[in-house]
Amino acid sequence: MARTTPAVSDTTTDAAKPSGRPAARTGRQTAADLAFLARAMKAPALLDAAERLAERAQAEAWTHTEYLVACLQREVSARDSHGGEGRIRAARFPAIKTIEELDLTHLRGLTRQQLAHLGTLDFIAAKENAVFLGPPGTGKTHLATGLAVRACQAGHRVAFATAAQWVDRLAAAHQAGRLQDELVKLGRYPLIVIDEVGYIPFEAEAANLFFQLVSNRYERASVIVTSNKPFGRWGETFGDETVAAAMIDRLVHHAEVHSLKGESYRMRGRELGRSRTTDND
């Protein structure tokens, strides 16, 4: 005959029973724990958002997972924002300009669709280049800066300088015997901006340093270049048609090239070299 096991009374107290979840805590204890954990994780945005999001989660019947995701999204967004600000400072822009601030009514030679395509930054992911040619004041530097600022905000490291400044930087590295180290260092930047090519002619050594900068990035990382001269006149800047041709070849092989047109935006509305007359003259 099968034996039955007698029932055993459970004398374990509720406090001693393993429940599979943390013991209930007071609101004050929870807030203190959250503040401690947020500091330990260096997540101030999460702490700032937690209480406000908790109220919204309760009102909208969020799941625990949805609440957690919302809190983490606030922290990630804050870190991206702060990181973008740091990358913008590190890029050393002469002035902060954005794509949204461009005067599209003055911008000639670039359509809205082309600008929108550039703004996706796909050319950086593809390790391609962007080249803006045109007279002074037609928006080249603003375009280059706006795209570079957006790249910083998207998580890319950027370095900005004029052509003359780049040559000075490379010449100093060359004189110190660390040119290759400098080129390797710059190669880690997904994007560099070379502004104002053509404004100052280069000696042969400077032209060679500039060529090495462009050549070192060929199919490895992106460059944005602005120039007031068409490619046919780059030989004047670099003092050697062969060097200029080799440089152009590497720049435009994988590049979007846009020729901007029109009068200077900065000179708009001014009558330079004209004497003002009155009705009685």
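Numbers given for residues are sequential positions, taken from 1 along each chain in its written order. Per-residue local features of the predicted model are confined to residues with pLDDT of at least 70, and side-chain atom pairs are confined, for both listing and counting, to 80 or more; whole-chain, interface and lining totals are unaffected and use all residues. Remark: hydrogens and water are excluded; side-chain values derive from all non-hydrogen atoms of the structure.

**Q** Talk me through the overall build of the protein chain; I want residue IDs and the actual numbers.
**A** The helix and strand tally for the protein chain stands at 11 helices and 5 strands. Note that accessible areas follow from Shrake-Rupley with a 1.4 Å probe, and for residues the cover is restricted to the protein chains shown. Accessible surface computed for the protein chain: about 18000 Å², of which carbon and sulfur atoms make up 51%. The helix and strand labels rest on DSSP assignments: H or I over at least four residues marks a helix, E over at least two residues marks a strand, and numbering proceeds from the N terminus.

**Q** Quick one: what's the story with the packing of aromatic side chains, residue by residue and with numbers?
**A** The rule is short: rings of Phe, Tyr and Trp, with Trp giving its six-membered ring, pair when the centres are within 6.5 Å, and they are stacked under 30 degrees, edge-to-face over 60, tilted in between. For the structure shown, the criterion picks out 6 aromatic pairs. With centroids separated by 5.6 Å and ring planes inclined at 50°, the aromatic side chains of Phe202 and Phe238 adopt a geometry described as tilted. With Phe202 in the loop between strand 3 (191-197) and helix 9 (204-217) and Phe238 in helix 10 (residues 234-238), this pair connects stretches of sequence that are 36 residues apart. Exposure remark for Phe202: the relative accessible area of 11% places this residue in the buried category. For the exposure calls, accessible area comes from a 1.4 Å probe over protein chains only, and a residue counts as buried if that area is under 20% of its type's maximum, exposed if over 50%, partly exposed in between. Judged by relative accessible area, which is 1%, Phe238 ranks as buried. Aromatic rings pair up to connect Phe202, Phe210, Phe231, Trp234 and Phe238 into one cluster.

**Q** Explain the environment of Gly235 to me, using residue names and the numbers behind them.
**A** In this fold, Gly235 is placed in helix 10. Linking Gly235 and Pro201, residues 34 residues apart in sequence, is a C-alpha distance of 9.4 Å.

**Q** Explain helix 7 (residues 163-175) residue by residue, including any values.
**A** An ideal rise of 1.5 Å per residue puts 18 Å on 13 residues; helix 7 measures up with 18 Å between its terminal C-alpha atoms. Along helix 7, the residues classified as buried are Ala163, Trp166, Val167, Leu170, Ala171 and Ala173. Along the axis of helix 7, the buried residues cluster in a sector spanning 160°; they form a single face. The exposed residues of helix 7 that point more than 90 degrees off its buried face are Asp168 and Gln175. Immediately downstream of helix 7, the backbone of Gly177 shows phi near 75°, a positive value. To estimate how far a helix should extend, the number of its residues minus one is multiplied by 1.5 Å. Here the arc refers to the set of directions running from the helix axis out to each C-beta atom.

**Q** I'd like a description of the side chain of Asp195, backed by residues and values.
**A** Mapped onto the fold, Asp195 is located in strand 3. With no salt bridge to any partner, buried Asp195 finds its closest opposite charge in Lys140, at an N-O distance of 7.0 Å. Should any heavy atoms of two residues lie within 4.5 Å, those residues are counted as being in contact. Not counting the four nearest positions on each side in its chain, Asp195 is found in contact with Thr141, Phe160, Ala161, Thr162, Ala163 and Thr226. Counted as positive: Lys and Arg. Counted as negative: Asp and Glu, with His and the chain ends omitted from the count. Salt bridge, as applied in this entry: a Lys or Arg side-chain nitrogen positioned within 4 Å of an Asp or Glu carboxyl oxygen.

**Q** Requested: an account of the sheet that holds strand 2 (residues 158-162), with residues and values cited.
**A** A pair of strands counts as paired when DSSP detects no fewer than two bridges linking them. Taken in spatial order, the 5 strands line up as 2-3-4-1-5 in an open sheet, and their pairing is parallel. Every interior strand has two partners, whereas the edge strands, strand 2 and strand 5 (255-259), have only one. Averaged over all pairs of adjacent strands, the angle between strand axes in this sheet comes to 10°, irrespective of strand direction. Every axis in this analysis is a line fitted to C-alpha atoms, fitted for helices over the stretch in contact. Angles between the N-to-C directions lie between 0 and 180 degrees. Contacts from helix 9 reach strand 3 and strand 4 (222-227), with the element oriented near 145° to strand 3. Of the strands in this sheet, strand 1 (129-133), strand 4 and strand 5 touch helix 11 (residues 241-252), which is tilted by about 110° from strand 5.

**Q** Can you lay out helix 11 for me, pointing to particular residues and giving the numbers?
**A** For helix 11, spanning 12 residues, the distance from its first C-alpha to its last is 16 Å, which sits close to the expected 16 Å at 1.5 Å a residue. Ala244, Met247, Ile248 and Leu251 are the residues of helix 11 that are buried. Burial along helix 11 is one-sided: seen end-on, the buried residues are contained in an arc of 100°. Contacts made by the buried residues of helix 11 are with strand 1, helix 9, strand 4, helix 10 and strand 5. Identification of polar contacts relies on pairs of N or O atoms within 3.5 Å, with a donor-acceptor requirement for protein atoms, meaning one able to donate a hydrogen and the other able to accept it, and with residues adjacent in sequence counted only if both atoms are side-chain atoms. Two or three places before Thr242, at the start of helix 11, stands the capping residue Asp240, its side-chain oxygen 2.7 Å from that residue's backbone nitrogen.

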